Amino acid sequence: MTDQPVHIRPEIAILPAYKQGRQAAADAFKLSSNENPFPPLPGVIEAVQAQTAYNRYPDATALAVRAVLANRFGLTVDEVHVAPGSVAILHELAKATSGPGDEIVYAWRSFEAYPGVVTVAGATSVQVPNRADGGHDLDAMAAAVTERTRMVIVCTPNNPTGPIVTGTEFDDFMAGVPSTVLVVLDEAYAEFVTDPDAVRGASLLERYPNLVVLRTFSKAYGLAGLRVGYALGPAYVLDAVRACAIPLSVTAQGQAAALASLEREAELLARVAELAALRDRIVAELRGQGWDVPDAQGNFVWLPTGERTAAAAEAFEHAGIIVRAFAPEGIRISIGEHEAVEKLLETARSLVGGLTTTADARPIR
């Protein structure tokens, strides 16, 4: 026996673990994780409780869920993949397409899991700065594609800043990306989008054979705790993804909840519309206070707090609002309970006059 430590890949040894949004005390509002404030749709809890065979493995293929989704989107079941959250599929796509010496292109700032996804696959991140309005610079992303690029991730609406990619922008982007490069359209917040010009990935799959679309039941459907996400795309790509997936990772309870949720479209759309209306109200109020809030199309808003991000997050927490801080850039605030709105707006109003942008130190007004 020796005292030598077990070898860990150097890039993994320095990789920070994913940190979820802060938990909230009983008297605070947790607006840090983009969770749906509504409970599961009617009938979902009953469907989950009916799955009592805890001593048996679930259907490893999630075939029943895939069949319903395939019918909804006009695809075959082999063109649908179900996994424990869309972030799991991102890991699988990266491992299926990329390795040492390969590159994965994505915008930054965007979903904080992207850098880890790339590093775990052994590939190299190519981060392309967002535009000043918080949206993707798709021209720059297309220009960043080289012979080493294996995958490009496009997040719409962009988490955490909020703007969408339009259909026209996406078509122009795809025209500049080689067909051998996989493009992943991350639409985790698609149900909340109200902009009619937004790209809708599922309708483009036949046009673009190198496209995979990601969706989730965690956000609009309110099933974050059950971890169910899905991908739509070419069967051979998703077959490769399935080969990289951890077997039996979507529980029977999660599958039952997804099926029950898909049967209740009317109730879902009513909830989504309520949250989108509340989002738009909050954005209007914040802009009226002087905040430069980017267009918000998810279930969250972005405040550009710059170098004062940590102090601003502390002020929100003191007021009973737990937010997600991305120092030194800004704060993401989820759309939560109606009861949280006035506290949110009151705290934001108290902060806006004293905050400055990181770029030019002018007040955010």
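Residues numbered from 1 in each chain as written. Predicted model: local features only at pLDDT ≥ 70, side-chain atom pairs only at ≥ 80, totals over all residues. Heavy atoms only, no water.

1. Some remarks on the overall build of the protein
At step 1: Summing up its helical and strand segments, the protein has 12 helices and 12 strands in all.
At step 2: Taking 2.2 N^0.38 as the reference for a compact globule, 365 residues should give roughly 21 Å; the C-alpha atoms of the protein span a radius of gyration of 21 Å, in line with that estimate.
At step 3: Projected onto its principal axes, the C-alpha positions of the protein cover 60 × 55 × 50 Å.
At step 4: Going through the 365 residues of the protein one by one, you find that 53% of them count as buried.
At step 5: Put simply, of all contacts in the protein between residues at least 6 apart along the chain, 71% involve residues at least 24 apart.
At step 6: Measuring between centres, the 30 positive side-chain charges of the protein sit 3 Å from its 43 negative side-chain charges. (Helix = DSSP H or I, 4+ residues; strand = E, 2+ residues; numbered from the N terminus. Rg over C-alpha atoms; globule rule 2.2 N^0.38 Å. Buried < 20%, exposed > 50% of the residue type's maximum accessible area, 1.4 Å probe, protein only. Contact = heavy atoms within 4.5 Å. Lys, Arg positive; Asp, Glu negative; His and termini not counted. Charge placed at Lys NZ, Arg CZ, Asp CG, Glu CD.)

2. Regarding the confidence of the model for the protein
At step 1: Per-residue pLDDT for the protein has a mean of 93; in total, 94% of the residues score no lower than 70.
At step 2: Confidence drops under pLDDT 50 across residues 356-365; counting only partners more than four residues distant or on other chains, this segment forms 23 contacts. (pLDDT = per-residue confidence, 0-100.)

3. Thoughts on the side chain of Glu92
At step 1: Summarising the element assignment, Glu92 is placed in helix H4 (residues 86-97).
At step 2: Once you skip the residues sitting within four places of it in the chain, Glu92 turns out to touch His81, Ala83, Val241, Cys244, Ala245 and Ile246.

4. A look at the sheet that holds strand E5 (residues 149-155)
At step 1: Ordered in space as E2-E8-E7-E6-E5-E3-E4, the 7 strands form an open sheet in which the pairing is mixed. Where the open sheet ends on each side, the last strands, each with one partner, are strand E2 (80-83) and strand E4 (124-129). For this sheet, the mean inter-axis angle between neighbouring strands, taken without regard to orientation, is 20°.
At step 2: Pairing analysis gives 4 bridges linking strand E6 (residues 182-186) to strand E7 (residues 211-216), with the strands arranged parallel. Note on E7: the bridge partner recorded for Val184 is Val212.
At step 3: Contacting strand E3 (103-108), E4, E5 and E6, helix H5 (residues 114-121) runs over the sheet at an angle of about 170° to E3.
At step 4: The strands that helix H8 (residues 235-244) touches are E2, E6, E7 and strand E8 (229-232); relative to E2, the one it contacts most, it runs at about 25°. (Pairing = 2+ DSSP bridges. Axes fitted to C-alpha atoms, helices over the stretch in contact; angles between N-to-C directions.)

5. A word on the environment of Ala83
At step 1: Looking at the secondary structure, you find Ala83 in strand E2.
At step 2: Look past the residues within four positions of Ala83 in its chain and what remains in contact with it is Ala88, Ile89, Glu92, Arg227, Val228, Gly229 and Val250.

6. Overview of the pairing of strand E12 (residues 330-334)
At step 1: Taking burial as the measure, the 5 residues of E12 include 5 buried ones, the bulk of the element.
At step 2: Here E12 shows no split at all, with Gly330, Arg332 and Ser334 on one side and Ile331 and Ile333 on the other all buried.
At step 3: As defined by bridge partners, strand E9 (residues 300-303) adjoins E12 across 4 bridges and the pair is classed as antiparallel. Each residue of the ladder has a partner; that of Leu303, found in E12, is Ile331.
At step 4: Bridge count for strand E11 (residues 324-326) against E12 is 3 bridges, and the pairing is antiparallel. Note on E12: the bridge partner recorded for Ala325 is Ile331.

7. Regarding the packing of helix H3 (residues 63-73) against helix H9 (residues 252-262)
To characterise two packed helices, one gives the angle between the axes of the helices and the distance between these axes.
At step 1: Where H3 contacts H9, the two axes come as close as 9 Å, and the packing angle between them is 30°. Accordingly, the angle class assigned to the pair H3 and H9 is roughly parallel. The two elements H3 and H9 meet at a crossing, and its hand is left-handed. Within the contact between the two elements, H3 uses Ala64, Val65, Val68, Leu69 and Arg72 and H9 uses Gln255, Ala258, Leu259 and Leu262.
At step 2: Taken together, the residues of the contact of H3 with H9 break down into 7 nonpolar, 1 polar and 1 charged. (Parallel < 35°, antiparallel > 145°, perpendicular 65-115°, else oblique. Left-handed = near helix turned anticlockwise from the far one by under 90°. Nonpolar A, V, L, I, M, F, W, Y, C, P; charged D, E, K, R; others polar.)

8. Considering the packing of helix H11 (residues 309-318) against helix H12 (residues 341-352)
At step 1: In the contact formed by H11 and H12, the axes pass within 10 Å of each other and the chain directions differ by 140°. Considering how the two elements wind past one another, H11 and H12 form a crossing that is right-handed. Facing H11, whose interface residues are Ala312, Ala315 and Phe316, H12 presents Leu344, Thr347, Ala348 and Leu351.
At step 2: Grouping the constituent residues of the contact of H11 with H12 by class yields 6 nonpolar, 1 polar and no charged.

9. Describing H12
At step 1: The terminal C-alpha atoms of H12, which comprises 12 residues, lie 16 Å apart, in line with the 16 Å expected from a rise of 1.5 Å per residue.
At step 2: Those residues of H12 not exposed but buried are Val341, Leu344, Leu345, Thr347, Ala348, Leu351 and Val352. For H12, the buried positions fall inside an angular range of 165° around the axis, keeping them on one side. Turned more than 90 degrees from where H12 packs its buried face, Glu346 and Ser350 sit exposed.
At step 3: Those residues of H12 that are buried are in contact with helix H10 (265-289), H11, strand E10 (321-322) and E12. (Expected span 1.5 Å × (residues − 1). Arc of directions from axis to C-beta.)

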